[in-house]
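# Per-entry structural report
Letter by letter, the chains look like this.
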Amino acid sequence: NATGTMARGSMVAASNGKLYGVCQYGGSAGAGVLFEYDPSSTTWTVKYNFDVTTGSQPMGGLIIASNGKLYGTTSQGGANGVGVLFEYNISTGTFAKLYDLAAATGKLPSGALVQASNGKLYGTTSRGGANDFGSLFEYNLATSTFTKLHDFATATGSQPTGNLMQASNGKLYGMCPVGGANDGGAIFEYDIA
């Protein structure tokens with residue numbers, strides 16, 4: 001489907017009154033699309049066609065950062081075939097691949113990013129890292145720096161899915177569907193301070 005199939009994650013509302021989201025499949029390369037929906041005219045427009053080189057199969061949805069740009073991840077594609085972190089500038093209509101994920105730093109992200117109060121982006125991967133059970137990472141927009149912060153492990157929870165959130169105490173929280181003391185999953189906390 002040229003306009004995209006399997007919409008994933010949540011849409012976000014931009015200051016221009018339009019909504020933005022991603023589809024995991026479809027588009028000109030069959031690798032997913034980033035789309036714009038105008039509620040006033042009920043118009044759907046493909047803004048970017050993902051491909052293997054720039055990242056394919058976006059899954060976690062999008063966020064709008066404080067700079068007004070959209071950020072997200074793909075679960076496949078990029079230089080290592082295991083996903084990328086990307087940026088889309090709404091005002092200029094330009095797409096940029098910011099970071100190629102790798103087995104060592106974490107691969108196959110599935111949840112949306114979060115921009116914390118320090119201005120940095122945080123996310124998780126479901127696989128890769130030191131134990132191949134996923135990782136928690138940080139991306140500093142000011143310095144264009146990617147940092148792996150934590151390797152998930154069976155004992156404390158593994159293969160995180162879903163979205164991170166920052167609570168009023170400033171710490172990040174998320175969930176793992178497996179691992180933990182009873183191998184039934186775990187809630188985790190990460191202090192970014």
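Figured I'd write up the structure that's included with this text. This is a predicted model, so every value here is computed, not measured.

## Observations concerning the overall build of the protein chain
Along the backbone of the protein chain there are zero helices and 16 strands. Taking 193 residues into account, the globule formula puts the C-alpha radius of gyration at 16 Å, and the protein chain, at 16 Å, falls close to it. Reported as C-alpha extents along the three principal axes, the dimensions of the protein chain are approximately 50 × 35 × 30 Å. Sequence-distant contacts in the protein chain: of pairs separated by 6 or more residues, those separated by 24 or more amount to 35%. Computed over 10 positive and 11 negative side-chain charges, the inter-centroid distance for the protein chain is 3 Å.

## Re the sheet that holds strand S2 (residues 19-25)
The four strands are arranged S1-S2-S3-S4 in an open sheet whose pairing can be described as antiparallel. With one partner strand each, in any of the chains shown, strand S1 (5-13) and strand S4 (43-49) form the two edges of the open sheet. Averaged over all pairs of adjacent strands, the angle between strand axes in this sheet comes to 25 degrees, irrespective of strand direction. Pairing between S2 and strand S3 (residues 33-38): five bridges, direction antiparallel. Of the residues in S3, the one forming a bridge with Cys23 is Val33.

## So, the side chain of Thr73
One can find Thr73 in strand S7 (residues 70-76). Sequence-distant contacts of Thr73, that is, excluding residues within four places in its chain, are made with Pro58, Met59, Val84, Leu85, Phe86, Pro109, Gly111, Leu113 and Phe137.

## Topic: the environment of Ala102
Within the secondary structure layout, Ala102 lies in the loop between strand S9 (94-100) and strand S10 (114-115). In this structure the C-alpha to C-alpha distance between Ala102 and Asn67, which are 35 residues apart in sequence, comes to 27 Å. Not counting chain neighbours up to four residues away, the residues in contact with Ala102 comprise Asn80, Val82 and Lys107.

## Considerations on the pairing of S3
With five of six residues buried, S3 lies mostly within the body of the structure. Alignment of S3 against S4, held across six bridges, turns out to be antiparallel. The partner of Val33 across the bridge, within S4, is Asn49. In this structure, the hairpin formed by S3 and S4 is closed by a connection of four residues, where Thr42 is found at a positive phi of approximately 50 degrees.

## A look at the pattern of salt bridges
Opposite charge on two side chains makes pairing possible when the charged atoms of those side chains draw close. Counting across every chain of the model gives seven salt bridges. One salt bridge connects Glu36 with Lys18, and the closest N-O pair in it is separated by 3.7 Å. Placement of Glu36 in strand S3 and of Lys18 in the loop between S1 and S2 is noted, with a sequence separation of 18 residues between them. The salt bridge partner of Glu87 is Lys69, with a shortest N-O separation of 3.8 Å. Taken together, the residues Glu87 in strand S8 (residues 84-89) and Lys69 in the loop between strand S6 (63-64) and S7 connect sequence positions 18 residues apart. Since its relative accessible area comes to 23%, Lys69 is described here as partly exposed.

## Topic: unusual backbone geometry
At Ser144, a residue that is not glycine, the phi angle is positive and equals roughly 55 degrees. Summarising the element assignment, Ser144 is placed in the loop between strand S12 (135-140) and strand S13 (145-151). A relative accessible area of 51% places Ser144 in the exposed class. Of note in the backbone geometry, Gln159 takes a positive phi value of approximately 55 degrees without being a glycine. For Gln159, the position within the fold is in the loop between S13 and strand S14 (161-166).

## Regarding the environment of Gln76
Locating Gln76 in the fold gives a position in strand S7. Accessibility expressed as a relative area gives 27% for Gln76, which makes it partly exposed. Once the C-alpha coordinates of Gln76 and Val52 are considered, the two residues, 24 residues apart in sequence, prove to be 7.4 Å apart. Beyond its immediate stretch of four places on either side in the chain, Gln76 contacts Gly55, Ser56, Gln57, Gly81, Val82, Gly83, Val84 and Leu108.

The rules we used
- Residues numbered from 1 in each chain as written.
- Predicted model: local features only at pLDDT ≥ 70, side-chain atom pairs only at ≥ 80, totals over all residues.
- Heavy atoms only, no water.
- Helix = DSSP H or I, 4+ residues; strand = E, 2+ residues; numbered from the N terminus.
- Rg over C-alpha atoms; globule rule 2.2 N^0.38 Å.
- Contact = heavy atoms within 4.5 Å.
- Lys, Arg positive; Asp, Glu negative; His and termini not counted.
- Charge placed at Lys NZ, Arg CZ, Asp CG, Glu CD.
- Pairing = 2+ DSSP bridges.
- Axes fitted to C-alpha atoms, helices over the stretch in contact; angles between N-to-C directions.
- Buried < 20%, exposed > 50% of the residue type's maximum accessible area, 1.4 Å probe, protein only.
- Salt bridge = Lys/Arg side-chain N within 4 Å of Asp/Glu carboxyl O.

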